[in-house]
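Structure assessment
What follows is each chain in one-letter form.
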Amino acid sequence: MIGTSNPKAQYSAHREEILAAITNVLESGRYILGDQVRQFEGAFAAYCGAAEAVGVASGTDALVLALKALALKPGDEVITVSHTAVATAAAIELAGGIPVFVDIDPVFFTLDPARLDAALTKKTRAIVPVHLYGQPADMVAIMDFASRNDLRVIEDCAQATGAALGGRKLGTWGDAGCFSFYPTKNLGALGDGGMVVTRDRALAERVTRLREYGWDEKRNSRYSGQSSRLDEIQAAILNVKLAYLDDDNAHRRRIAEIYHRLLAGGRIGLPRERADARHVYHLYVATCEKRAELIAFLKDRGIELGIHYPVPVHRQAAYAAYHSSDCLPYTDAAAAKIISLPIYPELSDADVAIVAEAIRSWEKTS
Ligand SMILES: *Cc1c(COP(=O)(O)O)cnc(C)c1O
């Protein structure tokens, strides 16, 4: 069976180093917020080209804490997309904001900056663009709109670790960048983890306090915070794996190139890269009008395809009340036809060719 992702393959590829790093933490006696976390925060900030990085318990929490650091007031609105992992909208709500969904552009499937103006109200405080699938959102236009309207920008980089636009890493365009280290992400832990990067010292300090009960140096809670810490074992594993991230992303890009070469001119639509972008292909998302047929055909041949995501957030019960469901046409259209092909750094060229070959034979069937 060829799956869409394979986090165990990555553990196996670096098994000795990972086991040694874990043992080192176990022997150290320090299991939460210690040297490994500090080292990883420094290394990750340097990798992104950010001044500050604060490790937290998950990608969702990274978004929640970065948004909480903006001190949203009740009723404040945060503009984002509905075509995303539900975590993006959940985080806005958990931070006390009201998610306002705008449509995506039909080519890159990221937030369409042309829709921002119509979504702007007196209550709008921030924008959360999502670099979905590893593709950079149109940050030039989004930052321009934000600065003209005095809005903060928190980037959802959960699927885009290592991606860049115009040579500048994602996460450093807005006021803060939020990353997830969920095992299947481009930089994956072997459990949960997340990170907030920023150039803003005050914002970093606020996130640092918020991740541990809002404590100041004297352990008095200055803000109402929460418990959202990165643990030493995950940080030690991430310290090992960060060294391989660029190679892993290069491998993902290579697989994307092979798919492009073998599938061009066929019946499925292939993803395109924004000009000046370094897309890191967390997912390789094509489009297919007869998706169910293709999924079944490939499943019979031992190949698993994914759908990210089948139901837009504004159509999910928990978030439906935030939006009338009939005005995000490109979001709905995307959800109906997107299809994720297998892609992960350890996937062999031979397996990529098998997947492409199977899709080619399906194209000939009907
Ligand atoms: C994975 C993901 C998140 C949430 O990260 P977790 O670590 O799972 O909490 C947020 N946004 C997007 C786009 C994601 O893909």
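Quick note: structure is the one above.
The notes below deal with the structure included here. (Residues numbered from 1 in each chain as written. Predicted model: local features only at pLDDT ≥ 70, side-chain atom pairs only at ≥ 80, totals over all residues. Heavy atoms only, no water.)

1. Here we look at the side chain of aspartate 175
- For aspartate 175, the position within the fold is in the loop between strand E7 (168–169) and strand E8 (176–180).
- Given the relative accessible area of 18%, aspartate 175 is considered buried.
- For aspartate 175, the side chain forms a polar contact with the side chain of arginine 152, separated by 3.2 Å.
- Dropping the residues within four chain positions of it, aspartate 175 is found in contact with Leu151, Arg152, Val153, Val197, Thr198, Arg199 and Leu203. (Helix = DSSP H or I, 4+ residues; strand = E, 2+ residues; numbered from the N terminus. Buried < 20%, exposed > 50% of the residue type's maximum accessible area, 1.4 Å probe, protein only. Polar contact = N/O pair within 3.5 Å; in protein donor to acceptor, adjacent residues only side chain to side chain. Contact = heavy atoms within 4.5 Å.)

2. Side note on the sheet that holds strand E6 (residues 164–165)
- Here we have three strands laid out as an open sheet, ordered E7-E6-E10, and antiparallel in their pairing. Edge positions in the sheet fall to E7 and strand E10 (277–278), since each of these pairs with one other strand and no more.
- Where E6 meets E10, two bridges bridge the pair, whose relative direction is antiparallel. What sits directly across from leucine 165, in E10, is alanine 277. (Pairing = 2+ DSSP bridges.)

3. Focus: the packing of aromatic side chains
- Counted according to the given criterion, the structure contains eight aromatic pairs.
- Residues phenylalanine 40 and phenylalanine 44 carry aromatic rings whose centres are separated by 5.6 Å and whose planes lie at 45 degrees to one another, so their mutual orientation is tilted. On the criterion of helical spacing, the pair formed by phenylalanine 40 and phenylalanine 44 is a turn pair, its members being four residues apart in helix H3 (residues 35–48). For the pair shown, phenylalanine 40 and phenylalanine 44 are each scored as buried. (Phe/Tyr/Trp six-rings, centres within 6.5 Å; stacked < 30°, edge-to-face > 60°.)

4. Things to note about the pairing of strand E2 (residues 77–81)
- Judged by how many residues are buried, E2 sits mostly within the fold: five of five residues are covered.
- In E2, alternate side chains face the same way, and those of Glu77, Ile79 and Val81 on one face and Val78 and Thr80 on the other are all buried.
- As paired elements, E2 and strand E3 (residues 98–102) share five bridges and run parallel to each other. If you follow valine 81 over to E3, its bridge partner there is valine 102.
- What joins E2 to E3 is helix H5 (residues 86–94), and the crossover it makes is right-handed. (Right-handed = clockwise from strand over helix to strand, strands pointing away.)

5. Things to note about the sheet that holds strand E5 (residues 152–156)
- A sheet is described by the order of its strands in space; here seven strands give the open sequence E1-E9-E8-E5-E4-E2-E3, paired in mixed fashion. Both edges of this open sheet fall to strand E1 (52–56) and E3, since each of them pairs with a single strand only. Between one strand axis and the next, the sheet turns through 25 degrees on average, direction left out of account.
- Taken together, the three bridges between E2 and strand E4 (residues 124–127) define a ladder with parallel strand orientation. Of the residues in E4, the one forming a bridge with glutamate 77 is threonine 124.
- Of the strands in this sheet, E2, E3 and E5 touch H5, which is tilted by about 145 degrees from E3. (Axes fitted to C-alpha atoms, helices over the stretch in contact; angles between N-to-C directions.)

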